[in-house]
Amino acid sequence: MNTRLLLIGCGKMGSAMLEGWLAKGLNADNVYIVEQAEAADKLSTRYGIHGVTDVREVPQDFIPQVVLFAVKPQILPEVIENYKPLVRAETVFLSVAAGKTITFFTSHLGEATRIVRAMPNTPAAVSRGMTVMYPTDNVSQAQRDMCETLLATVGLVSWVDDETLMDAVTALSGSGPAYIFHLVEAMAQAGEAAGLPSEQAMLLARQTVVGAGFLLDASDETAATLRENVTSPGGTTAAALNVLMDQTNGLPELMTRAVEAARKRSVELAG
Ligand SMILES: NC(=O)C1=CN([C@@H]2O[C@H](COP(=O)(O)OP(=O)(O)OC[C@H]3O[C@@H](n4cnc5c(N)ncnc54)[C@H](O)[C@@H]3O)[C@@H](O)[C@H]2O)C=CC1
Ligand SMILES: O=C(O)[C@@H]1CCC=N1
């Protein structure tokens, strides 16, 4: 992979993608990262990329094909205009910032800017990410393909043709890994309450979620069938699922409220 990439912000999400790309052979020499001073030094040493603290330190002859914004949405209004000089037809601006709309980018960078909004998730670090993208009309097919190739290197890719759906995407797959990690915490806590020692409860919860994820990935069956495969009539799983699948107080209702809270927050982050 020889994509010329300028990455703005390399924290949890930026480094998850970068690690996935470098593991799949992205040429580190073609990558510039704008970060805060200490992070820029560490990243250069760790990944062999060019770490800078200001976009003006990027050599004039480095024309990025992709400028990727991976800073917090709250930081973007302060920094976005620094990147205006990079707007040109051969450069696509790819943003993973939750909530930040195409209108936000065009209002600061100009209508001609080619923009792809993307929502990845942190399993990208182990090439199991899920990314959903939405492009502006002026993004060429070649640029769409380039963004898709980049993100497909670290997981599955899907597109939406209605930008407002990016809020729902963010609430489901963007934030979703946190829900699963919390499920591990909740299962471990429940195991402890049922009498298991704390460390063993965590081991069981963790490996159960890892194993179920692998099984889901390896199997052609639906999640519903895999669930039914565990559930003996009148057995222990059925007893637990009676609680979890309760129409009014069960997990679907709780998850719907949680996803809706995240979707609303994504709308608010548009600013
Ligand atoms: N963490 C996640 O699971 C996901 C995050 N996102 C989006 O990714 C973006 C980054 O989120 P995280 O990686 O979680 O945050 P983070 O705080 O880990 O990373 C942000 C990075 O930006 C750097 N930074 C701050 N000011 C900067 C500046 N002026 N110029 C360059 N870099 C600067 C920080 O040093 C930090 O390393 C957000 O917009 C978020 O909505 C999207 C999908 C999932
Ligand atoms: O919590 C957030 O706002 C970001 C967006 C999706 C995951 N993390």
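Criteria and thresholds
Residues numbered from 1 in each chain as written. Chains lettered and ligands numbered in written order. Predicted model: local features only at pLDDT ≥ 70, side-chain atom pairs only at ≥ 80, totals over all residues. Axes fitted to C-alpha atoms, helices over the stretch in contact; angles between N-to-C directions. Helix = DSSP H or I, 4+ residues; strand = E, 2+ residues; numbered from the N terminus. Parallel < 35°, antiparallel > 145°, perpendicular 65-115°, else oblique. Left-handed = near helix turned anticlockwise from the far one by under 90°. Contact = placed C-beta atoms within 7 Å. Nonpolar A, V, L, I, M, F, W, Y, C, P; charged D, E, K, R; others polar. Core = buried A, V, L, I, M, F, W, Y, C linked by C-beta atoms within 7 Å. Buried ≥ 20, exposed ≤ 12 C-beta atoms within 10 Å, placed from the backbone. Pairing = 2+ DSSP bridges. Right-handed = clockwise from strand over helix to strand, strands pointing away. Domains from an automatic or database assignment. Near = placed C-beta within 6 Å. UniProt positions renumbered as here; feature names shortened; annotations may be inferred.

Looking at an unreviewed UniProt entry, one finds the protein named Pyrroline-5-carboxylate reductase, with Thalassospira alkalitolerans as its source organism.

Undergrad: Would you explain the packing of helix α7 (residues 176-193) against helix α8 (residues 198-218) in this entry?
TA: The relative placement of two packed helices comes down to the angle between their axes together with the axis-to-axis distance. Following both chains from N to C, one finds α7 and α8 inclined at 140 degrees, their axes separated by 8 Å at the closest point. Judged by the inter-axis angle, α7 sits oblique to α8. Here α7 and α8 pass one another in a crossing that is right-handed. Across from I180, L183, V184, M187, A188, G191 and E192 in α7, the residues of α8 making contact are S198, A201, M202, L204, A205, R206, T208 and V209. Among the residues making up the contact of α7 with α8, the classes are represented as ten nonpolar, three polar and two charged.

Undergrad: Honestly, the nonpolar core in this entry has me stumped. Any pointers?
TA: Note that soluble globular proteins tend to have their nonpolar side chains buried in a common cluster. Ranked by size, the top nonpolar core spans 49 residues in total, and within it L7, I8, I33, L68 and A70 carry the most contacts. If sequence neighbours within four positions are ignored, L68 has contacts with L5, L6, L7, I8 and L94.

Undergrad: Got a minute to help me understand the pairing of strand β7 (residues 129-135) in this structure?
TA: Regular strands place side chains that alternate from one sheet face to the opposite one. Within β7, seven of the seven residues are buried, leaving the element largely enclosed by the surrounding structure. Of the two faces of β7, both are covered, the one formed by G129, T131, M133 and P135 as well as the one formed by M130, V132 and Y134. Inspection of the sheet shows strand β6 (residues 114-119) paired to β7 by four bridges, in the antiparallel sense. Across the sheet, the residue bridging to V116 is P135, located in β7. Relative to strand β8 (residues 155-159), β7 runs parallel, the two being bridged by five bridges. Residue M133 lies in a different strand from β8, and its bridge partner there is W159. Regarding topology, helix α5 (residues 141-152) serves as the crossover connection from β7 to the parallel β8, and that connection is right-handed.

Undergrad: What's the story with the domain arrangement of the protein in this structure? I'm lost.
TA: Split into domains, the protein comes out as domain 1 (5-167) and domain 2 (176-269). A straight line from the C-alpha centre of domain 1 to that of domain 2 covers 32 Å. On the domain 2 side, the residues contacting the eight residues of domain 1 number seven residues.

Undergrad: Hey, could you run me through the site of ligand 1 in this one?
TA: In the vicinity of ligand 1 lie 25 residues, with G9, G11, M13, A97 and A98 positioned nearest. The element contributing the most residues to the shell around ligand 1 is helix α1 (residues 12-23), with three residues. Here the residues of the shell around ligand 1 sort into 15 nonpolar, seven polar and three charged.

Undergrad: Honestly, the environment of E253 in this entry has me stumped. Any pointers?
TA: Note that E253 resides in helix α11 (residues 251-269). Put simply, E253 and Q141 are 112 residues apart on the chain and 40 Å apart in space, counted from C-alpha to C-alpha.

Undergrad: Is there a simple way to think about the UniProt feature "domain: Pyrroline-5-carboxylate reductase dimerisation" (unreviewed entry) in the protein in this case?
TA: Per the UniProt record, the feature "domain: Pyrroline-5-carboxylate reductase dimerisation" (unreviewed entry) sits at residues 163-269. Across residues 163-269 one finds 79% helix and 0% strand; the C-alpha atoms that close the span lie 14 Å apart.

Undergrad: Would you mind going over the sheet that holds strand β4 (residues 66-69) with me for this structure?
TA: Strands belonging to one sheet form pairs held by backbone hydrogen bonds; the direction of such a pair is parallel or antiparallel. Strand order in this open sheet of eight strands is β3-β2-β1-β4-β5-β6-β7-β8, and the pairing throughout is mixed. Looking at which strands have only one partner, the edges of the open sheet turn out to be β3 (50-52) and β8. Neighbouring strand axes in the sheet, compared pairwise and without regard to direction, differ in orientation by 20 degrees on average. Bridge analysis of strand β1 (residues 5-8) against β4 gives four bridges, and the strand direction is parallel. Bridge pairing links L6 to V67 in β4. Strand contacts of helix α6 (residues 165-174): β6 and β7, with the helix running at about 40 degrees to β6, the strand carrying the most contacts.

Undergrad: Quick question: what am I supposed to make of the packing of α6 against α11 here?
TA: Where α6 meets α11, the closest approach of the two axes is 8 Å, and the angle between their N-to-C directions is 130 degrees. Compared by their axis directions, α6 and α11 come out oblique. You can see that α6 and α11 cross each other, and the crossing is right-handed. Each of D167, A168, T170, A171 and L172 in α6 lies in contact with α11, whose residues at this interface are V259, A262, R263, S266 and V267. Tallied by class, residues from the contact of α6 with α11 come to six nonpolar, two polar and two charged.

Undergrad: Looking at this structure, how should I read the environment of A171?
TA: Here A171 lies in helix α6. Looking at A171, the number of C-beta atoms within 10 Å reads 23, which means it is buried. The spacing of A171 and T106 is 65 residues in sequence and 24 Å in space, taken between C-alpha atoms. Setting aside anything within four residues of it in sequence, one finds A171 in contact with V259, A262, R263 and S266.

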